[in-house]
Amino acid sequence: MSVLPELRYPTVTELVSAARALTAHRPGVCTLRQVGASRAGRPLHLLSVGRARRAVLVVAGAHANEPTGSCTLLALARRVLAERELRDGMSWHFLLCADPDGASLHVTPAPRSLFDYHLGFFRPAGPEQPEWAPSVLPPDRLPPETLALTGVIDELRPYLQVTLHGTDLGGSWVQLTKDVPGLAEPFAKSAAELHIPVETGASDAAGWPASGPGVHVMPAPGIGPAYPSLPDDARHSTWFHAHRYGGLTAVVEVPMWASDLVDDPAPHPAPAAAIGRLAGRLQRDALEVTRVLDGALPRLADLDGPLLRAARWGLELVPGLASDLVHTPPADRTMAYVGSVDAFVRRVPLRAAAMLLRVLRGTDDGAAKQLEELVATWSDAFAERFRARWVPLENQVEHQSRTVVAAALHAREGAS
């Protein structure tokens, strides 16, 4: 991989400071207020630009390990302030960070390689993720971050909610809870101009119809998921909360490192066999991490922190996911889809190993050394297999921003 320039993603504190500065500079247009608090008591802030009833809600920080969204959110807020036409009959609302507790635990401010990125990795277990919690928990057990987000949606009734996500390595794609006609063209044009591959067979949207390359529209409720064992179902997430007010949600994904292997629409010669081999590797890699975890558990008996919970949750998904991959016909038969599945099954044990390493780091435990070697080896193999190339941060932000604006304008036309 190429040597990267120094990068530093803003902390939540810095995001709030930047939002306060915007509000102080344009007090007649901007407001900043607290709309809730996290489980640990950290405030959740909403920056609003404009006062029109027709609203766009932009959410950053739903996944702690996807830091580009925070930069994009600030860029979008500044653009909306600078371009009056974007406020014509529209107000924009920016939830600065949906999971500030998670953001405090993901520690990769300047990733120079995938190994560096994983050394500070954190992504909560599904029940602790604000957007996904409603798909795995009963209503009376939802975390306060989820309740704050749904409360904002109830108040604003946005015609469009956009949630800013990202991937460590791969391409860019969009998931829509309803189609937005006309979005595919500006999305593809932006990606091409900024040299970002379009993930045409994203495993996250396996089996979803596409309104254009990389623009996936959620299937009808009666269609089953491509991976039946996974507990989280997007149709029960906060993405669907906007539907009760006639709105929709767009999830805009952008990669930190790009791979052209996920942008190959050619037919794979034997997708089922290839995916079967990937399922086998998933099980073998997860077993390596599980053995280390089992050996360390007696020394972790008094620990139940978010890192350990997340590592165990990820490993518990593996048997069902491997079975899905083997026994469910491929949702897509392209090279791009098989590549996306390859990346997916590499991430699950790698992330579990990385978080368990953070739990054990600083001890004299030989397990920590073993895990560090695994994380280094798997990170390097991931990058080499996919010929990873860094996407300049300004390109990540620009592409994500362009796509959000295009979605807002095209969805407004459709809602008129």
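Residues numbered from 1 in each chain as written. Predicted model: local features only at pLDDT ≥ 70, side-chain atom pairs only at ≥ 80, totals over all residues. Heavy atoms only, no water.

A. The layout of surface pockets, seen in detail. Looking at the second largest pocket, its volume works out to about 500 Å³. Pro10, Thr11, Val12, Ala103 and His106 are the residues nearest the centre of the second largest pocket, which is lined by 27 residues in total. Residue assignment for the lining of the second largest pocket shows that the elements contributing at least two residues are α1 (12–25), β2 (43–49) and α3 (100–105). Considering each element in turn, the lining of the second largest pocket owes the most residues, four residues, to α1. Per-class residue counts for the lining of the second largest pocket are 14 nonpolar, nine polar and four charged. (1 Å grid on protein atoms, 1.4 Å probe; cavity = no way out; pocket = protein on both sides within 12 Å on 5 of 7 lines; lining within 4 Å. Points joined across faces, edges and corners; volume = space filled by probe spheres on them. Helix = DSSP H or I, 4+ residues; strand = E, 2+ residues; numbered from the N terminus. Nonpolar A, V, L, I, M, F, W, Y, C, P; charged D, E, K, R; others polar.)

B. Structural context of the pattern of salt bridges. Within the structure shown, the criterion is met by 17 salt bridges. For the salt bridge of Arg123 with Glu66, the shortest nitrogen-to-oxygen distance reads 3.0 Å. With Arg123 in the loop between α4 (114–119) and α5 (133–136) and Glu66 in the loop between β3 (55–59) and α2 (68–82), this pair connects stretches of sequence that are 57 residues apart. An identical accessibility class is assigned to Arg123 and Glu66; each is buried. Here the salt bridges share partners, and the residues they tie into one network are Arg39, Asp99, Glu128, Glu145 and Arg309. (Salt bridge = Lys/Arg side-chain N within 4 Å of Asp/Glu carboxyl O. Buried < 20%, exposed > 50% of the residue type's maximum accessible area, 1.4 Å probe, protein only.)

C. Molecular detail of the nonpolar core. With 64 residues, the main nonpolar core has Tyr227, Leu325 and Leu356 as its most contacted residues. A total of 16 residues in this core trace back to one element, the largest contributor, which is helix α10 (residues 335–360). In contact with Leu356, not counting residues within four places along its chain, are Val289, Val292, Leu293, Leu300, Leu308, Ala311 and Leu371. Core analysis: the second largest hydrophobic core is formed by 46 residues, Val49, Leu74, Leu183 and Val198 among them. (Core = buried A, V, L, I, M, F, W, Y, C linked by side-chain atoms within 4.5 Å. Contact = heavy atoms within 4.5 Å.)

D. Fine view of the pairing of strand β5 (residues 160–170). With 11 of 11 residues buried, β5 is to be regarded as a mostly interior element. Sheet analysis places β3 next to β5, joined by four bridges and oriented parallel. Within β5, the position partnered with Val59 by the bridge is Thr163. The pairing of β5 with strand β9 (residues 248–258) spans 10 bridges and is classified as parallel. Note on β9: the bridge partner recorded for Leu164 is Val252. (Pairing = 2+ DSSP bridges.)

Purely geometric stuff here, so don't read any function into it on its own.
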